[in-house]
Amino acid sequence: MPFEIPDNLHPDCGPVAWMLGTWQGNGHGDYPTIDKYEFGQELIFTHDGRPFFHYFSRSWIIDEHGEKVREGALETGFLRCKPEGKMELLLTHQTGFVEIYYGTAAGGKLDLTTDAVARTETAKEYTAGKRLYGNVEGDLLYAYDMAAVGQGLQPHLWARLKRA
Ligand code: HEM
């Protein structure tokens, strides 16, 4: 079924309407302090007509055959849609981080940068993030850069996901 924009979508969420639904696929992870890895991921964006989406992502580490090795990162939160494509993202992670992003959505792209990050006393030293999501030929591509464990902002994840 081709994606159809819901009748009750809040107009402020128009620039991110293409993200609604469930997306699945594989991605790659890297960082100077760790070994490279591959992961599987499912993202779910839902709405109820108010000007925000609920977001949930789960991931799992996979081996070279695509088989699950172990559970990976979980994150959930709200993408708050403001007029003229302005966006606010609130996220919570099982690894002890909460973050606030600001950004803009236009032309099938959503670009977000952290304004604030807080972490529990046992969490790793994560200080900033940048996310770029794009609609490429109907797929959801994203790249995630982070600053953590004493390293500057640089790639940690990138993935190409298909509409489930
Ligand atoms: C698809 C989502 C993600 C996957 C599959 C993933 C996977 C991994 C893996 C396999 C490692 C190596 C160490 C370990 O196994 O714990 C790691 C390290 C790390 N990740 Fe992620 N990650 C994801 C998302 C994130 C996000 C969103 C953040 C920040 C909010 C993050 C922050 C970190 C940090 C701080 C480290 C520690 C680096 C170090 O200790 O050298 N990750 N990640």
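Residues numbered from 1 in each chain as written. Predicted model: local features only at pLDDT ≥ 70, side-chain atom pairs only at ≥ 80, totals over all residues. Heavy atoms only, no water.

Colleague: Please explain empty space enclosed by the protein as it appears in this structure.
Modeller: One water molecule sets the probe size; rolling that probe over the atoms shows where empty space is left. Overall, the coordinates contain one cavity of 30 Å³ or more when judged by the stated rule. Roughly 30 Å³ of internal volume is contained in the largest cavity. Of the residues assigned to the lining of the largest cavity, the class counts are eight nonpolar, no polar and no charged. (1 Å grid on protein atoms, 1.4 Å probe; cavity = no way out; pocket = protein on both sides within 12 Å on 5 of 7 lines; lining within 4 Å. Points joined across faces, edges and corners; volume = space filled by probe spheres on them. Nonpolar A, V, L, I, M, F, W, Y, C, P; charged D, E, K, R; others polar.)

Colleague: Just checking my understanding: could you explain the pattern of salt bridges for this structure?
Modeller: Between side chains of opposite charge, a pair can form when the charged atoms approach closely. Within the structure shown, the criterion is met by ten salt bridges. Between Arg50 and Asp48 there is a salt bridge; the shortest N-O distance is 2.7 Å. Classification of Arg50 by relative accessible area gives partly exposed; the value is 49%. In the salt-bridge network here, residues are joined through shared partners; they are Glu137, Asp139, Arg160 and Lys162. (Salt bridge = Lys/Arg side-chain N within 4 Å of Asp/Glu carboxyl O. Buried < 20%, exposed > 50% of the residue type's maximum accessible area, 1.4 Å probe, protein only.)

Colleague: Would you mind showing me how to read the coordination of the iron atom of the ligand here?
Modeller: The reference angle at a metal is 109.5 degrees if four donors form a tetrahedron and 90 or 180 degrees if six donors form an octahedron. Within the protein, a single donor atom binds the iron atom of the ligand, namely His156 (NE2) at 2.2 Å. Here His156 is to be found in strand β10 (residues 151-163). (Donors = N, O, S within 2.8 Å, 3.2 Å for Na, K, Ca; no water. Helix = DSSP H or I, 4+ residues; strand = E, 2+ residues; numbered from the N terminus.)

Colleague: I'm lost on the nonpolar core in this one. Help?
Modeller: Most often, soluble globular proteins have nonpolar side chains that are buried together. Counting residues in hydrophobic clusters, the biggest one holds 37 residues, and the most contacted among them are Val16, Phe45, Leu110, Tyr133, Leu140 and Tyr142. With five residues, strand β9 (residues 139-148) is the single largest residue contributor to this core. Excluding residues within four positions of it along the chain, Val16 makes contact with Phe53, Leu79, Cys81, Met87, Ala105 and Leu110. (Core = buried A, V, L, I, M, F, W, Y, C linked by side-chain atoms within 4.5 Å. Contact = heavy atoms within 4.5 Å.)

Colleague: Would you mind showing me how to read the environment of Val16 here?
Modeller: Looking at the element boundaries, Val16 is found in the segment before β1 (21-29). Along the chain, Val16 and Gly85 lie 69 residues apart, while their C-alpha atoms are 8.3 Å from each other.

Coordinates in, geometry out; function isn't part of it.
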